[in-house]
Amino acid sequence: MSQEFNLASIASVLAPKVYAVDPPKQAIDSFANVEPLSRNDAIQFVDDTFSVVLGLDSRDFIVNLPVIGAKIARKQSFVLTVRISNSDYSVVPAAKDLGAVLLISANAQESYDFLFLASLLAKGDGKPVILFYKPSSAEDELTYTLDDLEKAYGSYDGSSLQDAFQKLHQLSTKTYSELELLPSSGWIATKRYDQVVVFLGDPEPIASHLKNFSVALINVKVYRPFPLAELKQLLTSKLYGYKAVQFVEQSSVSLQFSPLLLDAVEILTSISKDVKVIYSQVLKLDQDNVDLALQHLLSNAKLERPVQNLTFGREFTQPQPISFEDVKASPDNAYLKILQEVDAGVRVLNDYDTNPVPEYALGRFFYRDRQRTKLADLVEQKLHRFQGTLNDDLAQWLLWARNENPPEKYTSEESSALVATLSKSNRTAASELLQFRDFFESRTGWIVGSDSWSYDTGLATFHQALQSGNKRLKLLIIDTDSSVNRRQGKKNLGLYAMNYGNAYVASVALYSSYTQTLTAFIEANAYNQGPAIIIAYLPKGESHLDSLKLTKEAVDSGYWPLYRYNPHLADYSDMFKLDSSFVRRELKEFLDRENRLTLLAEKSAKLQYNLRTYNESVNQGIQQKSKEAFQSLLDNLAGDPMTVAYASDNGNAAGLAKRLANRAGSKGFKVRLAQLDDLSVDDDLPLETNLVVVTSTSGQGEFPNGGKQFWDALRAGTIDLANVHAAVFGLGDSKYWPRAEDAKYYNRPSRQLYQRLELLGAQMLCEQGLGDDQDADGFNTGYNTWEPKLWQALGVSAENADEPPPATNEDFKRESNFLRGTIKEGLADTSTGAMSASDQQLTKFHGVYLQDDRELRDQRKKDGLEPAYAFMVRVRLAGNVSTPDQWLAIDRLADTRGNHTFKITTRGTYQLHGVVKQDLIPVVRDINAVAMDTLGACGDVCRNVICGSLPAQRHIHEQMAHMARIISKRLLPETTAYHEIFLQELGDVPRGEEGGPKRIKVGGNAVQDAEPLLGATYLPRKFKVAITVPPYNDVDVYANDTGLVAIVEDDNIVGFDVLIGGGMGTTHNNTKTYPRAGTNIGYVPYDKAPLVCEKMLIMHRDYGDRKNRKHARLKYTIDDMGVPTFKARLEELLGFKFEKSRPFKIDSNIDYFGWCKDETGLNHYTCYIENGRVSDTLDSPHKEGLHKIAQYLKETGVGLFRLTSNQHVIISDITDEHVPKIKALLREYKFSVDKFSGLRKASQSCVAFPTCGLAMAEAERYLPQFLDRLEGELEKLGLRNDSIVLRMTGCPNGCARPWLAEVALVGKSYGFYNLMLGGSYNGDRVNKIFKSNVDEDQAIGILVPLFSRWASERKDGEHFGDFVIRAGVIKPTLEGKKFWEDVKDF
Ligand code: SF4
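Cut-offs and rules
Residues numbered from 1 in each chain as written. Predicted model: local features only at pLDDT ≥ 70, side-chain atom pairs only at ≥ 80, totals over all residues. Heavy atoms only, no water. Helix = DSSP H or I, 4+ residues; strand = E, 2+ residues; numbered from the N terminus. Contact = heavy atoms within 4.5 Å. Areas by Shrake-Rupley, 256 points an atom, 1.4 Å probe, with all protein chains shown as cover. Near = heavy atom within 4 Å. Nonpolar A, V, L, I, M, F, W, Y, C, P; charged D, E, K, R; others polar. Pairing = 2+ DSSP bridges. Axes fitted to C-alpha atoms, helices over the stretch in contact; angles between N-to-C directions. Phe/Tyr/Trp six-rings, centres within 6.5 Å; stacked < 30°, edge-to-face > 60°. Buried < 20%, exposed > 50% of the residue type's maximum accessible area, 1.4 Å probe, protein only. Salt bridge = Lys/Arg side-chain N within 4 Å of Asp/Glu carboxyl O. Core = buried A, V, L, I, M, F, W, Y, C linked by side-chain atoms within 4.5 Å. Parallel < 35°, antiparallel > 145°, perpendicular 65-115°, else oblique. Left-handed = near helix turned anticlockwise from the far one by under 90°. Lys, Arg positive; Asp, Glu negative; His and termini not counted. Polar contact = N/O pair within 3.5 Å; in protein donor to acceptor, adjacent residues only side chain to side chain. pLDDT = per-residue confidence, 0-100. Right-handed = clockwise from strand over helix to strand, strands pointing away. Disulfide = S-S within 2.5 Å.

Chemist: Hey, could you run me through the overall build of the protein chain in this one?
Modeler: The secondary structure content of the protein chain amounts to 46 helices and 51 strands. Within the protein chain, counting contacts between residues at least 6 apart in sequence, those at least 24 apart form 73% of the total. In the form shown here, the protein chain has an accessible surface area of approximately 55600 Å², with 50% of it arising from carbon and sulfur atoms.

Here it is in structure tokens:
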């Protein structure tokens, strides 16, 4: 039987109704339930019952795209089978955004199997399925009976693709999956190839030739939902060694981008950066040309810079190319290719590249239109002069030309034939008509313009085009502008056109949705009620991937929404179709006015979110306005207006501006306080009466966030500020850039702003104010002398009324009702991803920390969006031991609710990033469900209590971890707020690590809490405890407020030497801050340690500085008090005295990698995790590997994980029988540490950019690359295996404990670091600034000669940190207070 007959047989068994497009009579006769459809109405008449549509070919499918899209949008369930004509698979990506499941079968048998599969899927979840199949002329039989088929279908009750595959397997015995690997080597085997080709097309001609090449071909069989995870797994875990991955589509349409690449773009970062990513297109392939085409394809990938978007294979029979009247349009323009795809006869009326002037293009269009009208008039006059066919033909043309809404298309062939017939006529009337021969043309003409239509005269032309109401006018405007700065002042053409009411308008972005673009072009081309306008986005990035990224960013942020608007459709929901999730404010306003908002909001949960944001801001705006009106009533004719604007990085400038604004208000000014970027340079600034700006200094003398846009516009503008009175105060640090040549950076933004305002004619009220962090009272010194001058210039008293002090963290804590604040309400508020300022401080105590992606800030601000907020969630894991179940839970949360990675922190615990607000409670609950919690992981409390990982001494480790847990429990906050906010309604879900039911004390309806130990205001700052067993110091015991050094006798910990006052955080250039290594104050027996920690915490609670957070760490209290006094008071509290310190020797503060056996015979393997980031890359698929290992441990009930405080992980407690399996997994997932240098193994970094709000420079993302460079030099010096402790942080807060490293780089500004030297290898000595503000070259230039000297001059066993001190390169920091001594360059 033929393939079509077999498909019809299957369909008629599975579906109640089968439609067949132009079916042969035999089909209608053979099957009772087959209903014929004509090609022209193909999908229009498919009704709502579940049905299978047969006989559609690719071209019919494209033409029917809008109708298919509409049916899918109405959730109609059907299976559509589409015959791939001519091996041209371009039709498949055209359907990618329809929301249907897309299957591709490669041969006749597969088409039968997949029709069954498609029917199962449609039955399972009611989703429409489109099956693309390759036609086959062979006659063959089904391999199963229709009875079996029917039974299998009837018994199916699955809902997922995997269920359906399984059912298909039972029926056909064939095993299919979403991606097919060719040459077939089995899915399990891991294999090495030179190249990988991800392919969408007909694999048959290629498959048999692959054996000639070292190429893995991944053939896509399920295109939607796109099997991203499977592809990632293949590329990162199954295939290796490859140097290039090519995305290849078999398609006649060259779009200048690869839809397939677009689908996979988000996993490309998981592939090694050394792998080239290429996209290409193949045309027709057959046995004669496939070998050559493959050779070309693969050799292109071997070039150092492969050519992108090459085409291989034999040409398809092309449709008639797009034609141009008298010029050639850019052959590279992807949108013109789509026009051609939609209508091969389309005409472009202007040359977009060489003459994009809007007036010119429109002028030509109107000229043509007038000429055609003249011709129509002439035909009408002369018609009676012609008889017979010519008369009929002319009459028909006239009908078409006059009828502004022609029912039938008048074809190009018909107009050409008419001209040819007229040419043969010898009548004078024919010659007269032929003078207008070009205007018989019936093809649709498009004007193609650039975004110059959005500005000034271009906009006037656009207005003229809309006003004409011309029903033949088709306008395609391609916006290539990726520069966010130019967006200001640019008019929103789509909105402008929609307001006209009779134009079809679509906003499209090819790189975001091919289907939506294609649909819009089909609709616009067919629209005949007025002008049709498509606004198309095509940003120019440096590379193709850049353009994809820019498009994604624009669409996702709402800057470039995708929509289609047809004002002539009756139904509101049909009239405006929003094809993306985010819209900007102006569009919302339009929709609001048009009363269509509710309908849209119902359709999209995401949109609702945005609308609420908008409504919320409108409400706030209204409230603000009434407040202002009331205020103005009170003020009546009060003083002049004043705008106080600020640009602030760390809040100081904002705080100062707020204070100034309050004072101005109390002096009678009508004050507006605003961020500098919120002032429009063109619209607001010239109208200001008094403008006062307070700005801080960022990076290398740049404007801080919140002021950059304003400054760029002011610098570029030429406005007249003659009526503006202005004043500027700047905040800076005169020593931040110590080199003489860098002095220009000091307070540069404020100085530049002052000069620019003056230049533009502003009347400066007083000299510029300069605040310097180096002054005795910081920037306040300069401010206090400047502010009176400002009031004097304004003619008001300089006296300030009493002001309430600004709210501090202490106030937040005190008023929080034991850490509740308004967190619960804040989490329920879906109008914003953020929390109030006070709640942001309070959530830290619960282990969650609000952050935002700093790299998206500017973009989102320009697009009118709030920052991309997300939470960091940190687990409390006292003793740093975790079960496989706990590992798997974190791994899963990272994938489902985080950023697909997680971090092992420097306090030996888990940290998730990128958790959005609505996911926060589920994440915390899931963490608790596996007996961990997050309480006290951040905030002014005792942080995670850590202990050494000590794999070789099981017994001692148990004692130490046990002690860590006891201390943690003893110092933990008692508040029940954590449970109330995150866990209530969970019934018996245990409370984190301690287990047990939730504890809520209820008196009446009130929750009554108490904090017997911590008190209502908790601690002044954080408090850290660590335990170590010499000679190891992997916890950096000297960095903790309380460090316990275990004293071991007879294989038991008998007690601890107690180190007090360790702490890392400092502030650049602030000599009152410093890092400090703990001081040994004596020995206590084992069981006294918890009490010591408790009393230390009480000392911190009672004596810590609660006024100045920069001075609040316990280290300062101890130094201010003096160690002997502090110790005496502590002993008083304890009721006993410390014994004399016991001797101990610590060798190192690093981890030791690889296998070791403990005294009980259990095995432990320490894995190297770069900077603690558990993620998958091609070279290090560690996340997946550890997932597999955790699963194995869980299944076998063997083993645990120990998280080290150097950010690595130990797979521990493995019995001998399981070692081979673990070894195999370690091998498979590339855990070998042999490739790493001693330097890398002893390095670590903090997170820094993009999420840490305090980062001044990169750390985690940059350290590997810095080490790459340094390792090359160490190799030459023969130091590859020598261990050097090197640490990098993005700021001086010191999260990765840089101050205890032998070499450290502490971020100062983007790309610049303070280079520290002289820490000890065992972590007991703080280092010192060797050179400030070094960039990479300078750091390498300093370090390499020193390493070289160390290589030749070191004593036996002498570590680098000790050597630089002995050699006189740097002085040792003998105690924290002396950190700044001998530092000349800071
Ligand atoms: S050291 Fe600074 S930059 Fe790094 S994570 Fe800590 S606060 Fe952020």
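So much for the structure itself; the text now carries on.
Chemist: Looking at this model, I keep getting lost on the site of the ligand. Mind explaining?
Modeler: What surrounds the ligand is the set Cys 1246, Val 1247, Ala 1248, Cys 1252, Leu 1254, Ala 1255, Thr 1289, Gly 1290, Cys 1291, Asn 1293, Gly 1294 and Cys 1295. When its residues are assigned to classes, the shell around the ligand shows eight nonpolar, four polar and no charged.

Chemist: How should I be thinking about the sheet that holds strand β49 (residues 1303-1309) in this particular structure?
Modeler: Reading across from one edge, β47-β48-β49-β50-β51 is the order of the five strands in this open sheet, with mixed pairing throughout. A strand with exactly one partner marks an edge of an open sheet, and here the two such strands are β47 (1243-1245) and β51 (1328-1334). Between one strand axis and the next, the sheet turns by 15° as a mean value, whatever way the strands run. Examined bridge by bridge, β49 and strand β50 (residues 1312-1317) share six bridges and lie antiparallel to one another. Its bridge partner lying in β50, Gly 1307 is registered against Tyr 1313.

Chemist: Please explain the packing of aromatic side chains as it appears in this structure.
Modeler: We describe a pair of aromatic rings using the distance from one ring centre to the other and the angle between the two ring planes. A full pass over the atoms with the stated rule returns 32 aromatic pairs. For the ring pair Phe 729 and Tyr 783, a centre distance of 5.2 Å and an interplane angle of 85° mean the geometry is edge-to-face. With Phe 729 in strand β27 (residues 725-732) and Tyr 783 in helix α29 (residues 779-794), the pair connects residues that are 54 residues apart, well separated along the chain. Given the relative accessible area of 0%, Tyr 783 is considered buried. Following the ring pairs from residue to residue traces out a cluster consisting of Trp 887, Phe 902, Tyr 910 and Phe 1201.

Chemist: It is not clear to me how the pattern of salt bridges should be interpreted in this structure. Could you clarify?
Modeler: One side chain can pair with another of opposite charge once the charged atoms of both are near each other. If you walk through the whole model with that rule in mind, you get 58 salt bridges. Ionic pairing is found between Glu 432 and Lys 382, a salt bridge with its closest N-O pair at 3.2 Å. Separated by 50 residues along the polypeptide, Glu 432 in helix α17 (residues 428-434) and Lys 382 in helix α14 (residues 358-382) bring together distant segments of the chain. Classification of Glu 432 by relative accessible area gives partly exposed; the value is 25%. Notably, a salt bridge pairs Glu 1358 with Arg 1366, separated by 2.7 Å at the nearest N-O pair.

Chemist: Mind showing me how you'd approach the nonpolar core here?
Modeler: The tendency in soluble globular proteins is for nonpolar side chains to be buried as a group. Counting residues in hydrophobic clusters, the biggest one holds 101 residues, and the most contacted among them are Trp 887, Leu 912, Leu 1186, Phe 1201 and Ile 1211. In contact with Leu 1186, not counting residues within four places along its chain, are Trp 887, Cys 1167, Ile 1169, Val 1174, Phe 1201, Val 1209, Ile 1211 and Phe 1231.

Chemist: Hey, could you run me through the packing of helix α15 (residues 388-402) against helix α16 (residues 412-424) in this one?
Modeler: Helix-helix packing: each pair is described by the crossing angle between the helix axes and the interaxial distance. At a minimum axis separation of 11 Å, α15 and α16 run at an interaxial angle of 135°. When the interaxial angle is binned, α15 and α16 end up oblique. Read as a crossing pair, α15 and α16 show a hand that is left-handed. Together, Leu 390, Asp 393, Leu 394, Gln 396 and Trp 397 of α15 and Glu 414, Leu 418, Thr 421 and Leu 422 of α16 make up the contact between the two elements. Residues of the contact of α15 with α16, tallied by class, amount to five nonpolar, two polar and two charged.

Chemist: Mind showing me how you'd approach the sheet that holds strand β14 (residues 276-282) here?
Modeler: Hydrogen bonds between backbone groups are what pair the strands of a sheet, and the pairing can be parallel or antiparallel. Taken in spatial order, the six strands make up an open sheet running β7-β10-β9-β13-β14-β15, and their pairing is mixed. A single partner strand is all that each edge strand has here, and the edge strands are β7 (179-182) and β15 (310-312). Strand after strand, the sheet turns through a mean of 25° between neighbouring axes, direction not considered. Pairing of strand β9 (residues 195-200) with strand β10 (residues 215-220), which is carried by five bridges, proceeds in the parallel orientation. By the bridge assignment, Val 197 is partnered in β10 with Leu 217.

Chemist: Any chance you could explain the side chain of Arg 874 here in plain terms?
Modeler: Within the element layout of this structure, Arg 874 appears in strand β31 (residues 869-874). The charged side chain of Arg 874 is buried without a salt bridge, its nearest counter-charge being Asp 940 at 11 Å. Engagement of the side chain of Arg 874 in a polar contact is seen with the backbone oxygen of Ala 937, the distance being 3.2 Å. If we skip the residues at most four places from it in the chain, Arg 874 touches Gly 847, Thr 909, Tyr 910, Gln 911, Thr 934, Ala 937, Cys 938 and Arg 943.

Chemist: It is not clear to me how the confidence of the model for the protein chain should be interpreted in this structure. Could you clarify?
Modeler: The predicted coordinates ought not to be read in detail in places where the model reports low pLDDT. For the protein chain, the mean per-residue pLDDT works out to 85, and 87% of the residues sit at or above 70. The model gives residues 318-332 a pLDDT under 50, and that stretch makes 34 contacts with residues more than four places away or in other chains. Across residues 484-489, where pLDDT falls below 50, the model places 16 contacts with residues more than four positions away in sequence or in other chains.

Chemist: Hey, could you run me through helix α4 (residues 65-73) in this one?
Modeler: An α-helical turn contains 3.6 residues, so any two residues separated by three or four positions project in the same direction. Taken together, the buried positions of α4 are Leu 65, Pro 66, Ile 68, Ala 70, Lys 71 and Ile 72. Here the buried face of α4 lies against α3 (58-63), β4 (78-83), α5 (91-94) and α20 (514-526). Of the residues flanking the end of α4, it is Lys 75, one or two places downstream, whose phi is positive at about 65°.

Chemist: Can you help me understand the pairing of strand β20 (residues 504-509) in this one?
Modeler: Each regular strand displays side chains that alternate between the two surfaces of the sheet. The element β20 is largely enclosed, with a buried count of six among its six residues. As paired strands, β20 and strand β21 (residues 532-537) are joined by six bridges and run parallel to one another. The partner of Val 505 across the bridge, within β21, is Ile 533. Since β20 and β21 lie parallel, the crossover through α20 that links them has a hand, and here it is right-handed. As paired strands, β20 and strand β22 (residues 563-565) are joined by three bridges and run antiparallel to one another. Looking at the pairing, Ala 506 lines up with Arg 564 of β22.

Chemist: What exactly am I supposed to notice about the state of the cysteines here?
Modeler: Within this structure, the stated rule accounts for zero disulfides. Just so you know, Cys 1093 is unpaired, no disulfide at all, and the nearest cysteine sulfur is the one on Cys 942, 7.4 Å from it. In this structure Cys 1093 comes out as buried when scored by relative accessible area, which is 0%.

Chemist: Please clarify how the packing of helix α34 (residues 884-897) against helix α41 (residues 1182-1196) should be interpreted in this entry.
Modeler: At a minimum axis separation of 9 Å, α34 and α41 run at an interaxial angle of 145°. Pair α34 / α41 crosses with left-handed handedness. Counted together, Pro 884, Asp 885, Trp 887, Leu 888, Asp 891, Ala 894 and Asp 895 of α34 and Lys 1183, Leu 1186, His 1187, Ala 1190, Gln 1191, Leu 1193 and Lys 1194 of α41 form the full contact between these two elements. Here the residues of the contact of α34 with α41 are counted per class, giving seven nonpolar, two polar and five charged.

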